[in-house]
Amino acid sequence: MKNSVLKTILTVFSVICMTSCSYIETENRIKNEIQQVSPDKQSADLPPENTADYNEHQRAEDEKMSAEIEKSLQNKVPVFSTAGQLHNIGDTFISHFGCDEQELEVTVNGIQECTSLDDVGTSLSDTGITDDSDYYDLKSDTFTDGFRMIVLDITVKNISVEFPDNENNVAWFRINDFSHSMADDVIWFSDHPKELTASNYYHYYNPQGETVNFKAGWLVDMSRFTLDDLYLEVGSGTSDDYKEYVYLS
C-alpha cells in the first residue's frame, strides 16, 4: 500500500512539474494533490488536534528553520543544499525536472547589474514593470531607490524532458538571498512569445535535444544586498533534492 501511494505521489509530482504554470501554482497544486492521494500519511505527520501540541510542534519547526537560515547566512550556503548542488557562473550542470530521468543541462554564462532599461537593452513595455511603478523613473530612465535589474545570460539544453507542446517556463529560475526571504521572480524575459497573451510571457519553446539561450532579469533592491548575498535557484517548485544553486558573485 505504501509503495502504491508513493508511486502515485511521484507520478502526480512529475505530471505537475511538466506543466507550464508558475512555480507558485506548481507548489500549491503539488500540496493539494498529495493531500488527496495520501490523506492517511498527511494525518499521521500532523500533531494531535490539540492547540498546545500543535503550537509546540510549530515552534519546533520554526526553530529548526531559523537555525538553518542562521547557518545559511553565516556560511553563504542555500538552506538545505548539498555541496553537489552548488555552482558558479560559467559552470554547466544538470537540473532534474521533478525526477531523475527528466534532465535539463544548464549554464549561466554571465551576469549584468543594470541601472536602466537602456543598459538591459529593452523597453518598459517589454517588462513586467508598469508606467506608474515606483521602481522606475521615466524622466531619468533609471531604476529608483537602489533598485537594479540583475540580468543573467542562461543556456538550457533539453536532454530528456517531454514538455507539453514543447513549452518550458522561465519561472524555473528565481533569485533568492541567504536569509531565504526574497525569492524574486523574473521581471523581464528576452525570449517571450511575440504574440503575448495574459499567461504566456514566461514561456519558451524547448523541445528535446535542442538548446536555447536567453536573458532574464530580476528587480532587486541593491541597497539591501550585494551580489555576495544572492544566488540563483534552479528548480523552483521542485523538492529540495532536485534544486540547483548558482552563486551570483
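Residues numbered from 1 in each chain as written. Predicted model: local features only at pLDDT ≥ 70, side-chain atom pairs only at ≥ 80, totals over all residues. Heavy atoms only, no water.

So, on to the overall build of the chain. Regarding its fold elements, the chain presents five helices and 13 strands. A sequence separation of at least 24 residues applies to 70% of the contacts in the chain between residues at least 6 apart. A total accessible area of about 13,400 Å² is found for the chain, and carbon and sulfur atoms account for 48% of it. (Helix = DSSP H or I, 4+ residues; strand = E, 2+ residues; numbered from the N terminus. Contact = heavy atoms within 4.5 Å. Areas by Shrake-Rupley, 256 points an atom, 1.4 Å probe, with all protein chains shown as cover.)

Pairing in this open sheet of four strands is mixed, and the strands run β1-β13-β12-β8 from one edge to the other. The open sheet has two edge strands with one neighbour each: β1 (86–88) and β8 (173–177). On average, each strand axis in the sheet is inclined to that of its neighbour by 35 degrees, with strand direction left out of account. With three bridges joining them, β1 and strand β13 (residues 244–247) adopt parallel strand pairing. Bridged to Asn88 within β13 is Tyr247. (Pairing = 2+ DSSP bridges. Axes fitted to C-alpha atoms, helices over the stretch in contact; angles between N-to-C directions.)

Below, the discussion takes up the environment of Asp221. Within the fold, Asp221 resides in strand β11 (residues 211–221). When the C-alpha atoms of Asp221 and Asp145 are compared, they prove to be 7.7 Å apart, with 76 residues separating the residues in sequence. Sequence-distant contacts of Asp221, that is, excluding residues within four places in its chain, are made with Asp145, Gly146 and Phe147. Here Ser223 takes part through its side chain, which lies 2.4 Å from a polar atom of the side chain of Asp221. (Polar contact = N/O pair within 3.5 Å; in protein donor to acceptor, adjacent residues only side chain to side chain.)

As enumerated under the stated definition, the model contains 12 aromatic pairs in all. Note on Phe178 and Tyr231: the rings are 5.1 Å apart at their centroids and 50 degrees apart in plane angle, and the pair reads as tilted. Of the two residues, Phe178 is situated in the loop between β8 and β9 (188–189) and Tyr231 in strand β12 (residues 230–234); the sequence distance between them amounts to 53 residues. In this structure Phe178 comes out as buried when scored by relative accessible area, which is 2%. Taken together, the aromatic side chains of Phe173, Phe189, Tyr204 and Phe214 make up a single cluster linked through ring pairs. (Phe/Tyr/Trp six-rings, centres within 6.5 Å; stacked < 30°, edge-to-face > 60°. Buried < 20%, exposed > 50% of the residue type's maximum accessible area, 1.4 Å probe, protein only.)

As a further point, take the sheet that holds β11. Read across the open sheet, the five strands follow the order β2-β3-β6-β11-β9; overall the sheet is antiparallel. A strand with exactly one partner marks an edge of an open sheet, and here the two such strands are β2 (92–96) and β9.

The next subject is the nonpolar core. Of all hydrophobic cores here, the largest spans 45 residues; its most connected members are Met149, Ile154, Phe173, Phe214, Trp218 and Leu232. Elements with a minimum of two residues in this core: β3 (103–114), α5 (117–120), β6 (147–158), β8, β9, β11 and β12. Per-element tally for this core: the top contributor is β6, with seven residues. If sequence neighbours within four positions are ignored, Leu232 has contacts with Val108, Leu152, Ile154, Phe173, Arg174, Ile175, Trp218, Glu244, Tyr245, Val246 and Leu248. (Core = buried A, V, L, I, M, F, W, Y, C linked by side-chain atoms within 4.5 Å.)

All right, on to the pairing of β8 then. In terms of residue burial, β8 counts as a mostly covered element, since five of its five residues are buried. Where β8 and β12 come together, five bridges link them in antiparallel fashion. The residue of β12 that forms the bridge with Asp177 is Leu230.

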